[in-house]
Amino acid sequence: MRLEKKRVLVVGMARSGIAAAELLLRHGAVPVLSDMKTEEAFGDQLNHLKDTTCEFRLGENSVSLLDETDILMISPGVPIDAPVVKAAKEKSMPVIGELELAYSLLNGDVLALSGTNGKTTTTTLLGKIFENAGRITHVAGNIGYPLSSVAMSAKKEDVSVVEVSSFQLESIKTFHPHVAALLNITEDHLNRHGTMAQYIKLKQRIFENQTADDFAVLNADDPVLVKMADKLKGQVAFFSRTQQLEQGAFVKDGKIVWQWKGETVSVCGADQILIPGPHNLENALAATAMACAMGVPAPVIRHTLMSFTGVEHRIEKVRVFQGVSYINDSKGTNVDSTIKAVQSMKAPTVIILGGYDKHTDFMPLCKEIVASPNISYAVVMGQTASQIKAQLTEAGFDAIVSATDMADAIDQSRSLAVSGGNVLLSPACASFDMFKDFEQRGEIFKELVKQLS
């Protein structure tokens with residue numbers, strides 16, 4: 001796509017929109033900045049764009065700006081069925097997402113990961129593997145660092161490891177990772193996508209432009225993903241925590257192995273992975289499969305698996321206070337993610353639940369809490385508090401306390417926790433009812449915990 005002197009309407013001026021505007025400027029376009037928020041609401045976030053050719057049209061109706069522009073660029077937060085997208089398509093105007101824009105201008109190898117849970121941990125782990133292999137590595141995408149920022153400087157010999165969300169996959173056209181993985185699929189984002197069938201269809205798009213020279217990595221323990229295998233053009237490499245495979249990454253005699261075209265490589269003991277929990281073994285297997293597909297030597301993968309400590313906001317121990325471990329799992333933004341956190345607890349635990357309503361059924365989580373020997377109390381807060389409380393009660397769990405905000409939730413949890421036990425923030429919900437994002441929610445939790453005295 002030719003961008004020089006093109007007027008590009010950039011809708012959605014969060015991190016991705018800002019990075020896209022910077023990239024468009026680099027390639028000679030005229031970004032027209034659009035957002036529902038006014039310029040004053042952004043504070044100083046956009047100040048560095050004021051002395052450029054960017055046009056500020058913040059707080060205006062984005063549909064009305066289409067007559068003055070050549071291309072529409074949407075941030076991930078803008079749905080593909082938004083009025084501005086529909087209007088642009090009616091005008092036969094090119095519509096491009098931030099991920100697609102960045103990819104079209106990106107140099108170097110591209111690997112991509114998606115799935116309902118485990119994306120950030122696996123993306124970060126895989127990036128660390130390539131760093132340890134001596135490659136200049138960019139970890140980007142839905143992880144919080146837009147791919148557009150990488151496209152500003154990446155070179156041909158670099159590698160980009162990209163976390164991709166279903167929101168981003170809505171608007172791809174040519175996005176083509178050489179190695180792509182789907183880790184798992186469980187119910188999430190139905191408030192945007194409507195049905196599970198549509199959510200699954202969008203996730204599968206990560207493989208859409210692959211060829212027989214590429215690799216598609218799938219979780220053999222997820223029946224939804226197993227069904228996809230026959231539809232894909234790339235070479236399918238499965239990974240499994242529970243079964244031995246003819247080809248792929250799996251556990252054999254207590255060791256992670258990679259088996260491909262008659263060759264078997266032993267990586268390390270499954271119990272030598274530093275990050276805890278069965279879900280993290282799955283993440284390690286996925287990263288191993290992707291790295292091996294790219295020819296990374298086993299000793300490099302082994303060293304990384306044995307030294308990687310995990311990511312912020314994912315089962316992150318914040319502090320031990322009066323014998324109680326306070327654990328930040330603010331990245332637990334859906335039911336399946338929080339189930340994995342519950343399964344990782346090995347002592348009496350008070351769990352903090354609740355947040356923004358994504359039209360989720362919490363019953364699978366409630367049943368897991370009832371079955372767990374380690375969840376002693378649930379503290380509920382936010383928009384979904386009453387729904388979670390009702391479903392917990394229906395499942396047979398009645399040790400429930402309501403809280404008004406995060407500080408109250410921590411105070412309530414502190415009074416309920418026992419020495420040697422845990423307080424776990426794992427909301428099973430998005431954060432938008434009370435916080436800017438899950439990072440802010442986690443940071444506030446950590447700050448309040450550190451202030452306990």
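Presented here is an overview of the structure given in this document. Note that this is a predicted model, so its numbers are computed, not measured.

### Description of the environment of Gly354
Turning to step 1, where the next piece is worked out: Position of Gly354 relative to the elements: it lies in the loop between β17 (349-353) and α13 (363-371).
Turning to step 2, where the next piece is worked out: For Gly354, a relative accessible area of 2% gives the class buried.
Turning to step 3, where the next piece is worked out: C-alpha of Gly354 to C-alpha of Asp213: the two residues are 141 residues apart in sequence and 44 Å apart in space.
Turning to step 4, where the next piece is worked out: Residues in contact with Gly354, not counting those within four places in the same chain, are Met381, Thr384, Ile388, Pro427, Cys429 and Arg441.

### As for helix α11 (residues 298-307)
Turning to step 1, where the next piece is worked out: Listed in full, the buried residues belonging to α11 are Ala298, Val300, Ile301, Thr304 and Leu305. Projected down its long axis, α11 carries its buried residues within an arc of 160°, all on one side.
Turning to step 2, where the next piece is worked out: Packing partners of the buried residues in α11 comprise α4 (119-132), β13 (255-260), β14 (263-269) and α10 (278-293).

### Some remarks on the pairing of β13
Turning to step 1, where the next piece is worked out: Most of β13 sits inside the fold, with 5 of its 6 residues counted as buried.
Turning to step 2, where the next piece is worked out: Strand direction decides the pairing type here: strand β12 (residues 248-252) and β13, joined by 5 bridges, are antiparallel. Bridge pairing in β13 links Phe250 to Val257.
Turning to step 3, where the next piece is worked out: Hairpin connection between β12 and β13: a loop of 2 residues separates the two successive antiparallel strands, and Asp253 in this loop has a positive phi of roughly 55°.
Turning to step 4, where the next piece is worked out: Two elements, β13 and β14, share 6 bridges in a ladder whose sense is antiparallel.

### As for unusual backbone geometry
Turning to step 1, where the next piece is worked out: With a phi angle near 45°, Ile315 is a residue other than glycine that sits in the positive phi range.
Turning to step 2, where the next piece is worked out: Along the chain, the position of Ile315 falls in the loop between α11 and β15 (316-321).
Turning to step 3, where the next piece is worked out: Unusually for a residue other than glycine, Ala428 sits at a positive phi of about 65°.
Turning to step 4, where the next piece is worked out: Here Ala428 shows up in the loop between β20 (422-425) and α16 (438-450).

### Comments concerning the pattern of salt bridges
Turning to step 1, where the next piece is worked out: Under the counting rule described, the total for this entry stands at 16 salt bridges.
Turning to step 2, where the next piece is worked out: Salt-bridge contacts for Lys340 lead to Asp336; the nearest nitrogen and oxygen are separated by 2.7 Å. Linking Lys340 with Asp336, this pair stays in helix α12 (residues 335-344), spanning 4 residues, or about one helical turn.
Turning to step 3, where the next piece is worked out: A relative accessible area of 15% places Asp336 in the buried class.
Turning to step 4, where the next piece is worked out: When salt bridges with common partners are traced through the structure, they connect Glu312, Glu316, Glu443 and Lys446 into a single cluster.

### Quick look at the packing of aromatic side chains
Turning to step 1, where the next piece is worked out: Under the counting rule described, the total for this entry stands at 4 aromatic pairs.
Turning to step 2, where the next piece is worked out: Seen from their ring centres, Trp258 and Trp260 are 5.3 Å apart, and the 10° between their planes marks the pair as stacked.
Turning to step 3, where the next piece is worked out: A relative accessible area of 7% means that Trp258 is categorised as buried.
Turning to step 4, where the next piece is worked out: For Trp260, a relative accessible area of 12% translates into the label buried.

### So, the nonpolar core
Turning to step 1, where the next piece is worked out: Counting 54 residues, the largest nonpolar core has Leu101 and Phe207 as the members making the most contacts within it.
Turning to step 2, where the next piece is worked out: For this core, the element with the highest residue contribution is helix α1 (residues 15-26), accounting for 5 residues.
Turning to step 3, where the next piece is worked out: Those residues within four positions of Leu101 in sequence are excluded, and the remaining contacts are Leu3, Ala20, Leu23, Leu24, Met73, Ile96 and Ser148.
Turning to step 4, where the next piece is worked out: In this structure, Ala181, Val267, Ala286 and Cys292 belong to the second largest nonpolar core, which totals 39 residues.

### Quick word on the side chain of His279
Turning to step 1, where the next piece is worked out: Summarising the element assignment, His279 is placed in helix α10.
Turning to step 2, where the next piece is worked out: Assessed through its relative accessible area of 6%, His279 is described here as buried.
Turning to step 3, where the next piece is worked out: Apart from the residues lying within four places of it in its own chain, the contact partners of His279 are Arg314, Ile315, Lys340 and Ser344.

### Re the sheet that holds strand β7 (residues 137-141)
Turning to step 1, where the next piece is worked out: Across the sheet, which stays open at both edges, the 9 strands sit in the order β7-β8-β6-β9-β10-β11-β12-β13-β14 with mixed pairing between neighbours. Of all the strands in the sheet, just β7 and β14 have a single pairing partner and so form its edges. Put simply, the sheet's adjacent strands are angled 20° from each other on average, direction ignored.
Turning to step 2, where the next piece is worked out: Sheet strands touched by α11: β13 and β14. Its angle to β14, the strand with the most contacts, is close to 25°.

### Let's talk about the pairing of β17
Turning to step 1, where the next piece is worked out: A large share of β17 lies buried, amounting to 5 of its 5 residues.
Turning to step 2, where the next piece is worked out: Pairing between β17 and strand β18 (residues 375-380): 5 bridges, direction parallel. Paired with Ile351 across the strands is Ala378, a residue of β18.
Turning to step 3, where the next piece is worked out: Taken together, β17, α13 and β18 form a β-α-β motif whose crossover is right-handed.
Turning to step 4, where the next piece is worked out: Where β17 lies against β20, 4 bridges are found, and the strand directions are parallel. Bridge pairing in β20 places Ile352 opposite Leu425.

### Topic: helix α8 (residues 196-204)
Turning to step 1, where the next piece is worked out: All of the buried residues in α8 are Tyr199, Leu202 and Lys203. Taken end-on, α8 shows its buried residues confined to a sector of 100°, consistent with a single buried face. Seen from the buried face of α8, the exposed residues on the opposite side, beyond 90 degrees, are Ala197 and Lys201.

The rules behind each value
- Throughout, residues of each chain are indexed from 1 in the direction in which the sequence is written.
- Side-chain atom pairs in this predicted model are given and counted only at pLDDT of 80 or more, local residue features only at pLDDT of at least 70, and totals for whole chains, interfaces and linings cover all residues.
- Note that the side-chain values use all heavy atoms of the structure and ignore hydrogens as well as water.
- Runs of H or I in DSSP of at least four residues are treated as helices and runs of E of at least two as strands, each being numbered from the N terminus.
- Categorising residues by exposure relies on relative accessible area from a 1.4 Å probe, with only protein chains included: less than 20% of the type maximum marks a residue as buried, more than 50% marks it as exposed, and the intermediate range marks it as partly exposed.
- By definition in these notes, contact holds between two residues if any of their heavy atoms fall within 4.5 Å.
- Along the arc lie the directions from the helix axis toward the C-beta atoms.
- Two strands make a pair as long as DSSP finds a minimum of two bridges between them.
- Should a side-chain nitrogen of Lys or Arg be within 4 Å of a carboxyl oxygen of Asp or Glu, the pair is scored as a salt bridge.
- Centres within 6.5 Å make a pair out of two Phe, Tyr or Trp rings, where for Trp the six-membered ring is used; the pair is then stacked when the planes are under 30 degrees apart, edge-to-face when over 60, and tilted otherwise.
- Take the buried Ala, Val, Leu, Ile, Met, Phe, Trp, Tyr and Cys residues and link them wherever side-chain atoms come within 4.5 Å; each set so joined is a nonpolar core.
- Axis geometry follows a simple rule: fit a line to the C-alpha atoms, using only the stretch in contact for helices, then measure angles between N-to-C directions, giving values from 0 to 180 degrees.
- Note on handedness: a crossover is taken as right-handed if, strands pointing away from the viewer, the path from the first strand over the helix to the second is clockwise.

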